[in-house]
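A structural walkthrough
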Amino acid sequence: MLEVQNATKRFGGLVAVNRASLKVAAGSITGLIGPNGAGKTTLFTLISGFERPTEGRVLFQGQDISRDEPHIRARHGIARTFQIVQPFAGLSVVENIAVGAHLRHAKRADAMARAEAVGHRVGLGPELGKSAASLTVAGRKRLELARALATEPKLLLLDEVLAGLNPSEIRDIIPVIHAIRDEGVTILMIEHVMQAVMNLCEQVYVLAQGLIIAEGPPTEVCDNPLVVEAYLGVGAAERLKRGSVHA
Amino acid sequence: MTFRDIVPIIILVAFLALVPVFITANTVLNFLVFTLIVALAAQGWNILGGFGGQFSFGHAAFFGTGAYAAALLQARLGINPWTAFAIGSAAGGAVGWVIGYLSFRSGLRGSYFALVTLAFAEVLRILANAATFTGGAAGVLIKLDVRPENFQFESRGAFFWIALALVGAVLVLTRWIERSRFGAQLVAVRENEAAAKALGVDTLRVKLGAITLSGAVTAAAGCLYAQYFLYVDANIAYGTWISVEAILAPIIGGLGTVLGPLVGAVALHGLGEITKLAAGSVPGIDLMVFGALLVVAVAFAPDGILGLLRRLRRPIRSSGVSGHA
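Residues numbered from 1 in each chain as written. Chains lettered and ligands numbered in written order. Predicted model: local features only at pLDDT ≥ 70, side-chain atom pairs only at ≥ 80, totals over all residues. Heavy atoms only, no water.

1. Thoughts on the overall build of chain B
Put simply, the rule is: Helix and strand labels come from DSSP, where a helix needs a run of H or I of at least four residues and a strand needs a run of E of at least two; each type is numbered from the N terminus. Only C-alpha atoms enter the radius of gyration, while the globule expectation follows 2.2 Å times N to the 0.38, with N the number of residues. Only protein chains enter the area calculation, which uses a 1.4 Å probe; residues under 20% of their type maximum are buried, those over 50% are exposed, and those in between are partly exposed. Should any heavy atoms of two residues lie within 4.5 Å, those residues are counted as being in contact. Areas reported here follow the Shrake-Rupley algorithm with a probe of radius 1.4 Å; residue values treat only the protein chains shown as occluding. The convention is simple: Lys and Arg are positive, Asp and Glu are negative, and His and the chain ends are not counted. For the purpose of locating charges, the reference atoms are NZ of Lys, CZ of Arg, CG of Asp and CD of Glu.
Within chain B, the secondary structure is distributed over 15 helices and two strands. Taking 325 residues into account, the globule formula puts the C-alpha radius of gyration at 20 Å, and chain B, at 20 Å, falls close to it. With respect to the three principal axes, the spread of C-alpha positions in chain B is 60 × 50 × 40 Å. The 325 residues of chain B split such that 51% are buried. Put simply, 78% of the contacts in chain B that link residues at least 6 apart link residues at least 24 apart. For chain B, the exposed area adds up to about 14600 Å²; of that, 69% sits on carbon and sulfur atoms. Looking at charge distribution, chain B has the averaged site of its 21 positive side-chain charges lying 9 Å from that of its 14 negative ones.

2. Describing the nonpolar core
For clarity, the threshold we go by: As used in this record, nonpolar core signifies buried Ala, Val, Leu, Ile, Met, Phe, Trp, Tyr and Cys residues forming a set joined through side-chain atoms within 4.5 Å.
One finds Phe88(A), Ile37(B), Leu40(B), Tyr68(B), Ile211(B) and Leu224(B) to be the most contacted residues of the largest nonpolar core, which totals 85 residues. No other element matches helix 3 (residues 26-51) of chain B, which puts 13 residues into this core.

3. Things to note about the packing of aromatic side chains
What counts here: The criterion for an aromatic pair is that two Phe, Tyr or Trp rings (for Trp, the six-membered ring) have centres within 6.5 Å, with stacked assigned to planes under 30 degrees apart, edge-to-face to planes over 60 apart and tilted to the rest. Geometrically, a charge over a ring is one whose NZ (Lys) or CZ (Arg) sits within 6 Å of the ring centre while staying within 35 degrees of the ring normal.
Taken as a whole and judged by the stated rule, the model has 20 aromatic pairs over all chains. Plain terms: the ring middles of Phe63(B) and Tyr225(B) are 5.7 Å apart, the flat faces sit at 65° to each other, and that makes the pair edge-to-face. With Phe63(B) in helix 4 (residues 60-75) and Tyr225(B) in helix 10 (residues 203-229), this pair connects stretches of sequence that are 162 residues apart. Directly above the ring of Phe88(A) sits Arg147(A), whose terminal nitrogen or CZ lies 4.6 Å from the centroid.

4. A short note on the sheet that holds strand 5 (residues 63-64) of chain A
Residue and element names in this part refer to chain A. Applied cut-off: Two strands form a pair only when DSSP identifies at least two bridges running between them. Note on geometry: axes are C-alpha line fits, over the in-contact stretch for helices, and angles between N-to-C directions span 0 to 180 degrees.
Reading across the sheet, the four strands line up as 2-1-4-5 and stay open at both edges, with antiparallel pairing between neighbours. A single partner strand is all that each edge strand has here, and the edge strands are strand 2 (14-24) and strand 5. Across seven bridges, strand 1 (residues 2-11) lies against strand 2 in antiparallel orientation. Counterpart to Glu3 in the pairing with strand 2 is Lys23. Of the strands in this sheet, strand 1, strand 2 and strand 4 (55-60) touch helix 1 (residues 40-48), which is tilted by about 115° from strand 1.

5. Here we look at the domain arrangement of chain A
Residue and element names in this part refer to chain A. So the rule is basically this: Each domain's extent is set by a domain assignment, obtained either automatically or from a database. The quantity reported as buried area is the accessible area (1.4 Å probe) lost by two parts once they are put together, taken as the sum for both. The term salt bridge refers to a pairing of a side-chain nitrogen on Lys or Arg with a carboxyl oxygen on Asp or Glu at a separation within 4 Å. We define a polar contact as two N or O atoms separated by no more than 3.5 Å, with the added condition that, inside protein, one atom must be a possible hydrogen donor and the other a possible acceptor, whereas residues neighbouring each other in sequence contribute only through side-chain atom pairs.
Looking at the assigned domains, one finds that chain A contains domain 1 (2-77 + 153-246) and domain 2 (83-152). Domain 1 and domain 2 are separated by 25 Å when their C-alpha centres are compared. Both sides together, the interface formed by domain 1 and domain 2 hides about 1500 Å², and carbon and sulfur atoms give 62% of it. Our count for the domain 1 to domain 2 interface comes out at one salt bridge. When the shortest N-O distance is used, the salt bridge between Arg121 and Glu183 registers 3.0 Å. Counting the contacts that link domain 1 with domain 2 gives seven residue pairs in polar contact (both at pLDDT 80 or more). Of all the secondary structure elements, the ones that give two or more residues to the side of domain 1 that touches domain 2 are helix 2 (70-76), strand 7 (155-159) and helix 6 (167-182).

6. Description of unusual backbone geometry
In this model, Arg19(A) sits at a positive phi of 45°, which is unusual for a non-glycine residue. In this structure, Arg19(A) sits in strand 2. The phi torsion at Leu230(B) lies on the positive side, around 60°, for a residue other than glycine. Relative accessible area serves as the criterion here: at 13%, Leu230(B) is assigned to the buried category.

7. A few points about the pairing of strand 10 (residues 211-216) of chain A
All names here are of chain A. Here five bridges tie strand 9 (residues 203-208) to strand 10, and the two strands are oriented antiparallel to one another. Counted as the bridge partner of Ala208 is Leu211 from strand 10. Counting the residues in the hairpin turn of strand 9 and strand 10 gives two residues, including Gln209, whose phi is positive at 50°.

8. A word on the interface of chain A and chain B
Quick reminder of the rule: Amino acids are sorted into nonpolar (Ala, Val, Leu, Ile, Met, Phe, Trp, Tyr, Cys and Pro), charged (Asp, Glu, Lys and Arg) and polar (every other residue, Gly among them).
Chain A puts 28 residues into the contact, and the matching count from chain B is 21 residues. Here chain A and chain B share an interface that buries about 2100 Å² over both sides, 62% of which is from carbon and sulfur atoms. Its largest share of buried area at the contact with chain B, chain A owes to His71(A), Phe88(A) and Arg108(A), together 26% of the area lost on that side. Linking chain A with chain B are zero salt bridges. Inspection of the chain A/chain B interface yields five residue pairs in polar contact (both at pLDDT 80 or more). For the side of chain A that touches chain B, the secondary structure elements donating two or more residues are helix 2, helix 3 (93-101), helix 4 (108-121) and helix 5 (137-150) of chain A. Top contributing element to the side of chain A that touches chain B by residue count: helix 2 of chain A, with four residues. The residue inventory of the side of chain A that touches chain B, partitioned by class, reads 13 nonpolar, nine polar and six charged.

9. Things to note about the pattern of salt bridges
All names here are of chain A. The tally for this structure, following the rule as stated, stands at 20 salt bridges over all chains. In this structure, the salt-bridge partner of Glu69 is Arg52, at a minimum N-O distance of 3.2 Å. With a gap of 17 residues between them, Glu69 in the loop between strand 5 and helix 2 and Arg52 in the loop between helix 1 and strand 4 connect regions that are remote in the sequence. Assessed through its relative accessible area of 36%, Glu69 is described here as partly exposed. When its relative accessible area of 35% is taken as the criterion, Arg52 is described as partly exposed. Arg57 is paired through a salt bridge with Asp64; the nearest N and O atoms lie 3.9 Å apart.

10. Quick notes on helix 1 of chain A
Residues and elements named next belong to chain A. Burial within helix 1 is extensive, with eight of its nine residues counted as buried. Three or more residues of helix 1 are buried, namely Lys40, Thr42, Leu43, Phe44, Thr45, Leu46, Ile47 and Ser48. One or two positions beyond helix 1, positive phi appears at Gly49, with a value near 100°.

11. What about the packing of helix 4 of chain B against helix 6 (residues 110-130) of chain B?
Residues and elements named next belong to chain B. Condition: The cut-offs work like this: below 35 degrees is roughly parallel, past 145 is roughly antiparallel, 65 to 115 is roughly perpendicular, and the gaps in between are oblique. Whether a crossing is left-handed or right-handed is set by the direction in which the near helix is turned from the far one by less than a right angle, anticlockwise for left-handed and clockwise for right-handed.
Packing of helix 4 against helix 6 brings their axes to within 8 Å, and their N-to-C directions diverge by 30°. Classified by the angle their axes make, helix 4 and helix 6 are roughly parallel. Relative to helix 6, the crossing made by helix 4 is left-handed. Listed contacts from helix 6 to Ala60, Ala61, Thr65 and Tyr68 of helix 4 are Ala121, Leu124 and Ala128. Grouping the amino acids of the contact of helix 4 with helix 6 by side-chain chemistry returns six nonpolar, one polar and no charged.

Spelled out as structure tokens, the structure:
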């Protein structure tokens, strides 16, 4: 469904993403993990169109979309959430979601009906009439998810929707993400919460210093010495192994 | 938008339409017509600034374009004033589109956008003041020829009704914006442009639509002004006074609301007139009241008069089920 081919993004002398390639199969939940500053969010901006790759291409359903504006990509069926939540603070929750719903529904009544349905689905039912500014962090994360879903995407890009949530809130939202996928939406997610990655993702890509250093099923990737070293430093994999032998 | 959405507007306009039946004093009607013209200009500003969050400081560019177009097309080219009115309004929309295209394309927003619009208005003022076609500093006179087909009327009441009809039409237009996809996207751009883009909003197109509509409405106010006073010059048409009035009225009445600009214009000019009557011959006293009112509005009623009324009403309403906004 989505294919990134050798994407590179330079900001002046800094190479944020370096010849990264990845594939997201239709109907899958694919994870993108990596230490802080690895370039995950930058890679997301290349896919969603907020930045254009310096080199390389982004293909969506076989079509080259590397040069398309974000709103064009949204029309094609790519929706994203923001790591730092971006609610329309002056609007109510349902009006927030309706902006997304308007992408496919011209009439206000249709968009509002759609927005309410999506709001209920992500668990914002009781909050629909409230001001978006009054939501808690968990509520705002759900709102990000709801707005993106309301655009009726084929591919959903989730940028750390679980960050900042407590364990019970995470437990509540994981089934929601599962359900979204089961309805046929492909998901690519950046996530630090490994419990969620293990739980949700079929395929994981690991990005470190702009490079994709590993890919595969989550359990396999976590055992990869390169990945362990990217997170914990050079030699860490070796030390861990010795430690487990001694134990 | 359904018919029910505009019923309150129809009632309000019908009520206001009765005013000239009871009040025939020319000074009062003069004041009312002028207030309506300011309200119309402010309604134009409110579409872009109130709903779209793009604060223009140069709506004189549109007001003046309308005023000059109406005056010049009649005085120089002998075009029928009603036609001139339509062309003038369209010209304002076109100027809006051009200014919008140049500034939004290059990503100007906030104070940068405000400064650029101010610059456009000032350039137009200087040009109009210098060119011979526009009559230079002497301005343009429209020949007195009182016939309805000539957009000139015996009674001021007739002019009041026309101004009111235009204000009413824009109230309906604004109500439509509030209930439409275009409006939802415009407000989304105001609240958070990046988020709007991610949700598939073509932010450039939405902003251009808003500034074009906004320019056309404010230009219509300019046409009306020229037609009423039968004279324009650069400092009237492109002067900063109208840019300021067009901003003040919505801020005091209620930004991004349907009635805000009208309420604000009436409040501002009503108070201005009352002070002038009370204080007699102190020059500029009404402007001091404008300033004081702005300070009070910003400090105590950040959502304008309408926001204040809503806040005062809320405690009674919130006892019920929390409805949808």
